[in-house]
Structure formats: C-alpha cells, structure tokens
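Descriptive structure summary
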Amino acid sequence: MSQSHSVPTSTSERIARLMKRQDALIERIESLHGQIDAFRPKSQRVFETQDLHSGEKLVGNQKRLHNELISKGITRFRFVRAPPEYYDEDLEFRRKTLNAPTVEHLCKSIVMENTKIDGSNPEHTKYWLVIVQYSARLNNEKLRNLIISNHEGKLPRSKVNMRLVAEEKSVELSGYVKNSVTPIGMQTQLPIVVSKAITELVPDEFWIGAGEVDLKVGMPVSDFLKAYPDMHMVEI
C-alpha cells in the first residue's frame, strides 16, 4: 500500500496566509475604532496613522516625516494631499479640505531671525522656528520678549529685532520650500516657539505643513508637545 505524504508549505504560501491574517486584523481594528467613536464626545477626535492602513507607498518627505513621528512616539496623525488651488482659496476652503474643526486649527511654521546679531556667538540664537495660527497675527513684541528672556540677560533688548528670513535662507535652514515648512525633520534643528493659543485648541489637534506644498499633517497638539518637549510657548 502506498503511503501519502503531505507537501511542505512553501515560504511564499506561509507569507500569503500571514498577510491575509494581517489584513483581517487591520479591518477588525478599524471596525472597533468606528464603534468606539460612536460613544466618543464630539469634542474629541481620533487620529490614526492612515498610511499604515491605506496601502499607499510612502516616498520622499512624507516617508521621512512619517518615520520621524513614529520614532518620537506619535502614532496618531493624518496626512492630507491638498488640491493645487489650496493657497488661492480662503481659510474656510482649507479647513474643509483638511476636515479640520475650525480655521483656528490651521497653523503655519515660519523661520525668523534676529537681525541684530550675526550668529557668531554660540550663546546667542539667531534663527528660530515659530508656529502660529493662520487666523492670528504674530505679536512681534511678545516674541522679542521671549527671545530676551531665553538668553537670561546675556542679550540686551537693543540686540533683538525679529523678522522673517529670506525665502532662500528658510529653505537652507529648514530644508523646505515656502508653504511646506514644518518643525518635523528640519534640515537644521532650530529652537521652536509655539503660540500658546495653539496649545489650548479644542478639540486637541492642529494642522501644519508636511514638507511638500500640497501635503499637510494633523495630529493632537498634546502628542506633539510631548514629542518635542524643548519648545517654547508664548502668547504670540
């Protein structure tokens, strides 16, 4: 009598089964998130790392930012590709594009410089990254006071005058062109100043540039503050 023998499962078959199980698990997790949201107060919103679920291959700056956020422990965030007319439209259009709660949740990152110093003294910081709301006006005097306070008396008021850097310098320092500047993965690690109003937003989220003109990223403000603990907060 002949004896049958089972054919060993190939590595590719085992991988295929594992991938199928993974897809089923992800689908189940997403379903559970939906059930949880049904009982969540409207003032609370959930961010997910959508790129882990979408199957989209991450490339360029998006991949770099995604990896840095994950490495810093931020797992709740969402990228959105904006249409070409994004910056030609008003804030309400942009809010709808990103599905942000209000226009106050839309923020920008700008590189500023102290024109009164040349940067040769290592104890004096010439360049700063400032995060403000699009709907707010930057209070240059309060920013100036922060700079003076940060230098602990080593920089007199007469040596502080803050202004936007030229676009070429912004690209050199941040690694990003206009309308794409972000505090995430900067070419040069600059001290970060964030408007106190952003830290008080309800719900707890904000939207900033993500390294490409048409790419934006949203995340809980509280998660961002924990991941970048050395930033300065001021009412600007």
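The coordinates are above.
Residues numbered from 1 in each chain as written. Predicted model: local features only at pLDDT ≥ 70, side-chain atom pairs only at ≥ 80, totals over all residues. Heavy atoms only, no water.

**Describing the pattern of salt bridges**
Our working definition: When a carboxyl oxygen of Asp or Glu lies within 4 Å of a side-chain nitrogen of Lys or Arg, that pair is called a salt bridge. Runs of H or I in DSSP of at least four residues are treated as helices and runs of E of at least two as strands, each being numbered from the N terminus. Under the scheme applied here, a residue whose accessible area is under 20% of the maximum for its type counts as buried, over 50% as exposed, and between as partly exposed, the area being computed with a 1.4 Å probe on protein chains only.
Considering all chains together, one arrives at 11 salt bridges under this definition. When the shortest N-O distance is used, the salt bridge between E113 and K126 registers 3.6 Å. Here E113 is found in strand β2 (residues 107-114), whereas its partner K126 is found in the loop between β2 and β3 (127-133), with 13 residues between them in sequence. Residues E113 and K126 agree in their burial class; the two are buried. When the shortest N-O distance is used, the salt bridge between E113 and R163 registers 3.4 Å.

**A closer look at a negative patch on the surface**
Here is the rule we go by: Like-charged residues are merged into a patch within 9 Å and nonpolar side chains (Val, Leu, Ile, Met, Phe, Trp, Tyr) within 5 Å, provided each residue has over 30% relative accessible area and no salt bridge. Working definition of accessibility: Shrake-Rupley area with a 1.4 Å probe, residue cover restricted to the visible protein chains. In this count, Lys and Arg are taken as positive residues and Asp and Glu as negative ones, while His and the chain termini are left out. Note on charges: their place is set at NZ of Lys, CZ of Arg, CG of Asp or CD of Glu.
Negative charge collects at one region of the surface, where E85, D88, E89 and D90 lie side by side. Mapped onto the secondary structure, D88 falls in the loop between β1 (78-81) and α4 (91-98).

**Digging into the layout of surface pockets**
Applicable threshold: Think of a 1 Å grid over just the protein atoms. A cavity is a set of points where a 1.4 Å probe fits yet cannot get out, a pocket is an open set with protein on both sides within 12 Å along at least five of seven lines, and lining residues have an atom within 4 Å of a point. Grid points are joined across faces, edges and corners, and a volume is the space filled by probe spheres set on the points. All amino acids are sorted into three groups, where Ala, Val, Leu, Ile, Met, Phe, Trp, Tyr, Cys and Pro are nonpolar, Asp, Glu, Lys and Arg are charged, and the leftover types, Gly among them, are polar.
Its volume calculated, the largest pocket comes out at about 510 Å³. In terms of lining, the largest pocket is formed by 30 residues, of which the most central are K108, S109, I110, K178 and N179. Contributing elements (two or more residues each) for the lining of the largest pocket: α4, β2, α6 (167-174) and β6 (206-209). The element contributing the most residues to the lining of the largest pocket is β2, with 5 residues. Split by residue class, the lining of the largest pocket holds 19 nonpolar, 5 polar and 6 charged. Estimated volume of the second largest pocket: approximately 190 Å³. In terms of lining, the second largest pocket is formed by 13 residues, of which the most central are Q189, L190, I192, Y228 and D230. Class assignment for the residues of the lining of the second largest pocket results in 9 nonpolar, 1 polar and 3 charged.

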